[in-house]
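# Geometric and topological summary
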Amino acid sequence: MSSKAAVAKTRIKNRIKDIVKNPYHMIILLSLISLFLLIVLPMIFMVKNTFVLSANELRRVSGKEVGDFTLYYWQYLLASKLSAAHLITPFKHSLTIAFFVTVLAVPLGFGLAWLMVRSDLPGKKWLTIGIMIPYMIPSWCKSMAWLAVFRNGRGGAPGFLAGLGINVPDWLAYGPTAIILCMVLHYYAFTYIMVSGALRSVNSELEEMAEIQGAKKMDILKQITMPMVMPAVLSSAIMTFSKAIGSYGVAANLGLRISYYTLATKMHDFIGTGSAQVGYCMAILLITLASGTIIANQIFIGTRKSYETIGGKGYRSTSIRLGKSKYSIMTVLGIFLFVAMIVPLFILLMETFQVNTGRGYGLDNLTLYNWIGRLEDASGMINYAGIFRNEAFFKALYNTVKLTIIGSVITAFCGQLLGYICSRGRGKWYGNLVEQLIFLPYLMPAVAFSAIYLSMFSRSYGPIPSLYGTFTIILLATVVKHIPFASRSGTANMLQIGKSLEEAADVAGSGFVRRMTKIVIPLAKNGFLSGFLLVFISIAKELDLIILFMTPSNNTLSYLAFEYSKEVLPQMADAISVIVLAFVLVTYLTASKITGTDLSKSWG
Amino acid sequence: MSRIELAHINKHYGSNHVLKDINLTIEDGDFMTLLGPSGCGKTTTLRVIAGLERPESGRLLIDGEEKINSETAFYSEPSERNLNLVFQSYALWPHLTVFENVAFGLKIKKLNSMAITKHVTHALERMHIGELAKRYPNELSGGQQQRVAIARAIAYSPQLLLLDEPLSNLDAKLRMDMRVELKRLHQELGTTIVYVTHDQVEALTMSTKIAVFSKGCITQLATPKELYMNPVNLVNADFIGNPRINFIEAMGKKIKDGIRIACSLGDYEFDREAFTDEIPVEKDFACIIGIRPEQITIAEAQGETLIPAIVDTNQFAGSETLITVKIGEESLMIKEIGMERYRVGQTVYLEIKPERCNVYAKASGQLIKCAGQ
Ligand SMILES: Nc1ncnc2c1ncn2[C@@H]1O[C@H](COP(=O)(O)OP(=O)(O)O)[C@@H](O)[C@H]1O
Ligand SMILES: [Mg+2]
């Protein structure tokens, strides 16, 4: 009996010793603790906060103290006279947007993917470039471009069309139509990327077989091709819906001018100027809605079996002949891409050189003032210097560069580390747990995710001071939000290295640290670099995630552009957008040159 | 049951000239094998016949009816050629069950459901996979998938069946069984079959005719037996047969009634009758003798016409034994049935029947003397 107890005791002791002494186990332990502290705990906190009375609402709830349990916030949101205005209407708006964006973006992405991958459309190379460009443009930049084209006189700065004398109605310039169209031109890329991947994996012999059996082209598409890429289409539809429902930047930039609110913009409103707790309640609803869509999809439809590689050797990819119609299809597509993608960017760029927007490109209306003008030379009502003379711009530039560099270094590093754990722990409990934990931030709309951090860190905990308005909180949120993406590329990188290489070193008697420094890190270098660059770009163009943390001292470029746009200073807003765009494009091109990284991977 | 004529077919992929002036006639009821190493254009030829690939020049007739005429830019659709195909990848539709896979073409042809069920069941039974009807392709083993692919191809008794390396994904034993099965199928259906493979054993065992491909050209068209006995050039001789044929360098000299060949094994004279048209014009020429390993017999006792040799290696391979011997510098491979065991270093005596040898001109690589029966 006692010997049994002694054995058990030694057993436990040895196990603990094993964990503590083995660096690998320590890393797993530390990662799990960090993930818990940075992801799970803040979520619990936010939920809890919505049930705790704060000082602002003290006088509205009688007989309670600050810190008491209360249902006031939820009641206010869900079951008060104001629910209709604060919740139901924005909810309807969000649903409408998400629905129409999905219905339009998915077929668009599918059609483009099919044409590019499977057909013999001429001029694919150029068309592909036209399709790829929108990947790189942040969605809020698209809304800037939209405004540059469609802004009507409202607020005193007409856009391109208004300048031509066309009377652009409010419903087209701002609000749901504008938001939906902008988002469609952004989110179609989801479907495009996923479906073209799926189409590429479809052996064209499957279609040829149907052709031999006498099926017509339409039948083949309907009965063979479509069902096989259906899983990809479905999951891109789900992703599109989930992203569109929680998107902030576009909805704010195009909706707020005519007081068209969505859940995300309303939530931002509450947190910024109303009752933060009600805002957090909305964030919870938003997260539930967005992640619920994805989770429900996984539960009910399941991760559908993928239809790749049945049978053995012999893979062919032959194009389907479009016949005579191919030239007209090419022309239509070319014009569409040109009008939808290139022209707005051109107008956006040109606006930065205009004295007065909407007055054409005559020499007398062109100026470099918006870029390099001094305040003392300002004409008319302008009270900002050109951005290169503007301190706010340089401050924002500094903040952006700082956040981007520090954030992407940390994220990429953590991504590789977590990728290591995920790849080596495949099928083990800790591997699965890590994989599921890091997936969580991915499910949440960025603006709601930042609300979680705001709720958790805008007060002090003992020695930890309040992080409100600091760089740290922005950095923290940025890193955690980008970790799913970084660790996915990390996992792929680590899987590629292969466990056997390490095991060989292990057998040869090298310890964990040596194995890491001599085998894993040297081999992981390239994957690390491309992972880093992709995160880098993604952070540089981020708006939704950081908007809640902005104070005058920690502005970033995207926020500054957004603010200028709100204040109807389109030239300034556009100039900054152009800078961000140029920055992103240059990084993309360099990245794909240096590392051969596929541009499409960083999209989101 | 159909007759296929390919005439002057040329096909390029970009600047890659893949099929070079292919002329081939496949008779009604033939089991024609296109044999050749990987990348020589066999699949492309099959796809041209099927209508999946459009050659830049040439004509294709099936049963006298024009299916391709490059001059008038006429290419009939695959579905109008009354043929069926088994791809190397099987190309089973993964989202359809076995039954639905086989039924697909019948539904397209608008058969009623009774007839469809009858045809499908019959085809599945013929391939001994009736019980798999409700499964999905990814729930089947490689061999079963393969049978489904064939069942689908024969469901509506096509006039012409095209098979592209159908056995290359199977393991050795299954491959053996399927060979028998395919041969049986050919006899039962009487369908013309065009069969692509890079495996010479498959070609020799199943075909009624073999077309040997090399770099986009057909170098030989022959029955299996003839191909084995008299490969028209050194490349084919080297490619056909396992273990490989022995090549011995020799010098040829034209004499009154034929040629005299001198090599390390001795001198041989061959009669004019056995010559091909490729015989060199020179009086003296370098040539190469080809001797199949099983054409050499080993005797342990000395004899008058026997050639002494020293045993170099000795590989036991079950029903047969492979022995290499040395005659001076020359090395020869010999195949003996049974479990003969020779000591390495032992001196043995070889018997070679000269009439069974092939002789090739060294300069052109072409066969100049056929092997007799
Ligand atoms: N779709 C294609 N595009 C370009 N080249 C091809 C294509 N298909 C085959 N080829 C080339 O044509 C040649 C012949 O191919 P194939 O007919 O498949 O050879 P085989 O079936 O004899 O192995 C090869 O060199 C191959 O690389
Ligand atoms: Mg092939």
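Residues numbered from 1 in each chain as written. Chains lettered and ligands numbered in written order. Predicted model: local features only at pLDDT ≥ 70, side-chain atom pairs only at ≥ 80, totals over all residues. Heavy atoms only, no water.

An unreviewed UniProt entry annotates chain B as ABC transporter ATP-binding protein of Fusibacter paucivorans.

Under the convention used in this document: UniProt positions are given in the numbering used here, feature names are shortened, and annotations may be inferred rather than shown by experiment.
If you check an unreviewed UniProt entry, chain A appears there as Iron ABC transporter permease from Fusibacter paucivorans. Word for word, the UniProt comment on chain A under Sequence similarities (unreviewed entry) is "Belongs to the binding-protein-dependent transport system permease family."

### Here we look at the packing of helix H13 (residues 263–273) of chain A against helix H19 (residues 446–457) of chain A
All names here are of chain A. We count it as follows: The axes used here are C-alpha line fits, helices contributing only the stretch in contact, and every angle between their N-to-C directions lies in the interval 0 to 180 degrees. By definition, any uninterrupted DSSP run of H or I lasting at least four residues is a helix, any uninterrupted run of E lasting at least two residues is a strand, and each is numbered from the N terminus. Here the word oblique covers every angle except those under 35 degrees (roughly parallel), over 145 (roughly antiparallel) and from 65 to 115 (roughly perpendicular). Here a crossing is taken to be left-handed if its near helix is turned anticlockwise relative to the far helix by less than a right angle, and right-handed if that turn runs clockwise. Note on contacts: a residue pair qualifies if any of its non-hydrogen atoms lie within 4.5 Å across the two residues. The classification used treats Ala, Val, Leu, Ile, Met, Phe, Trp, Tyr, Cys and Pro as nonpolar, Asp, Glu, Lys and Arg as charged, and all other residues, Gly among them, as polar.
Interhelical geometry of H13 versus H19 gives an angle of 20° and a closest axis separation of 10 Å. The angle between H13 and H19 places the two elements in the roughly parallel class. The hand of the H13/H19 crossing is left-handed. The segment H13 lies against H19, with Ala264, Met267 and Ile271 engaging Val447, Ala448, Ala451 and Leu454. Across the contact of H13 with H19, the residue classes tally to seven nonpolar, no polar and no charged.

### Considering the packing of aromatic side chains
Residue and element names in this part refer to chain A. This is how it is decided: Think of it this way: a Phe, Tyr or Trp ring, Trp meaning its six-membered ring, pairs with another when their centres are within 6.5 Å, and the plane angle makes it stacked under 30 degrees, edge-to-face over 60, tilted otherwise. Distance and angle both matter: a charge sits over a ring if NZ of Lys or CZ of Arg is within 6 Å of the ring centre and within 35 degrees of the ring normal.
The full count for this structure, using the stated rule, is 27 aromatic pairs over all chains. On the numbers, 6.3 Å between centres and 25° between planes, the contact of Phe160 with Tyr361 is stacked. Of this pair, Phe160 sits in helix H7 (residues 160–163) while Tyr361 sits in the loop between helix H15 (326–351) and helix H16 (369–372), placing them 201 residues apart in sequence. Three or more aromatic residues joined by ring pairs make a cluster, and in this case those are Phe353, Trp371, Phe388, Phe393 and Phe394. Lying across the ring of Tyr261, Lys266 places its NZ or CZ 4.2 Å from the centre. Cation over ring: Arg488 sits above Tyr442, and NZ or CZ is 5.3 Å from the ring centre.

### Here we look at the interface of chain B and chain A
Many structure descriptions define interface size as the accessible area lost when the parts assemble. Rules: Buried area: the accessible area, evaluated with a 1.4 Å probe, that two parts lose upon being put together, summed over both parts. Salt bridge, as applied in this entry: a Lys or Arg side-chain nitrogen positioned within 4 Å of an Asp or Glu carboxyl oxygen. Side-chain atoms alone can form a polar contact between residues adjacent in sequence; in general such a contact is a pair of N or O atoms within 3.5 Å, and within protein one must be able to donate a hydrogen while the other accepts it.
Of the residues lining the interface, 32 residues belong to chain B; the matching set on chain A comes to 25 residues. With both sides pooled, the region where chain B packs onto chain A buries about 2,800 Å², and carbon together with sulfur makes up 59% of that total. Taken together, the links from chain B to chain A amount to one salt bridge. Here Glu208 of chain A makes a salt bridge to Arg47 of chain B, at a shortest N to O gap of 2.7 Å. At the boundary of chain B and chain A, one finds six residue pairs in polar contact (both at pLDDT 80 or more). Listing elements by their share of the side of chain B that touches chain A, those giving two or more residues are helix H1 (42–50), strand S7 (83–86), helix H2 (98–108) and helix H4 (142–154) of chain B. Split into classes, the residues belonging to the side of chain B that touches chain A amount to 15 nonpolar, 11 polar and six charged.

### Some details on the confidence of the model for chain A
Counted only if it meets this: The predictor reports its confidence for every residue as pLDDT, a score running from 0 up to 100.
Scored by pLDDT, chain A has a mean of 86; 95% of the residues are at 70 or more. Contacts for the low-pLDDT stretch residues 308–312 of chain A, under 50 throughout, to residues beyond four places or in other chains number 11 contacts.

### Brief notes about the site of ligand 1
Defined as follows: Proximity is defined per residue: any heavy atom of the residue falling within 4 Å of a molecule or strand makes that residue near it. For every accessible area listed, the method is Shrake-Rupley and the probe measures 1.4 Å; residues are considered covered only by the protein chains on display.
Not every one of the 11 residues close to ligand 1 is listed here, only the nearest: Gly39, Gly41, Lys42, Thr43 and Thr44 of chain B. Ligand 1 is flanked by residues contributed from chains A and B. Contact between ligand 1 and Gly41 of chain B: an oxygen atom at 3.1 Å from a main-chain N or O atom of the residue. Between an oxygen atom of ligand 1 and a main-chain N or O atom of Lys42 of chain B, the distance comes to 2.9 Å. Within the complex, 65% of the 560 Å² of free accessible area of ligand 1 lies under protein. Listing elements by their share of the shell around ligand 1, those giving two or more residues are strand S2 (16–26) and H1 of chain B.

### Quick word on the state of the cysteines
All names here are of chain B. The cut-off we apply is this: Cysteine sulfurs are considered disulfide-paired once they come within 2.5 Å of each other. Only protein chains enter the area calculation, which uses a 1.4 Å probe; residues under 20% of their type maximum are buried, those over 50% are exposed, and those in between are partly exposed.
On inspection of all chains with the given rule, the structure shows zero disulfides over all chains. Looking at the unpaired Cys217, the closest cysteine sulfur is the one in Cys40, lying at 10 Å. The class for Cys217 is partly exposed, based on a relative accessible area of 29%.

### Brief notes about unusual backbone geometry
Residue and element names in this part refer to chain B. In this structure, Pro243 follows Asn242 across a cis peptide bond, with omega equal to 0°. Even without glycine at this site, Ala73 takes up a positive phi of about 55°. Mapping Ala73 onto the fold places it in the loop between strand S5 (65–69) and strand S6 (74–75). Note on Ala73: relative accessible area 55%, which makes it exposed. Phi at Glu165 takes a positive value of approximately 40°, unusual for a residue other than glycine. Relative to the assigned elements, Glu165 resides in the loop between strand S8 (160–164) and helix H5 (172–189). With a relative accessible area of 7%, Glu165 lands in the buried category.

### Some details on the pairing of S8 of chain B
All names here are of chain B. Worth spelling out the cut-off: If DSSP finds at least two bridges between two strands, the strands pair. Crossovers are described as right-handed under a simple rule: with the strands pointing away from the observer, the path leading from the first strand over the helix to the second runs clockwise.
Burial runs high along S8: five of the five residues are buried. Burial along S8 is two-sided: the face carrying Leu160, Leu162 and Asp164 and the face carrying Leu161 and Leu163 are both buried. As defined by bridge partners, S7 adjoins S8 across four bridges and the pair is classed as parallel. By the bridge assignment for S8, Val86 is matched with Leu163. Where S8 lies against strand S9 (residues 192–197), five bridges are found, and the strand directions are parallel. Among the inter-strand pairings, Leu161 is bridged to a residue of S9, identified as Ile193. Following the chain from S8 across H5 to the adjacent parallel S9, one finds a crossover that is right-handed.

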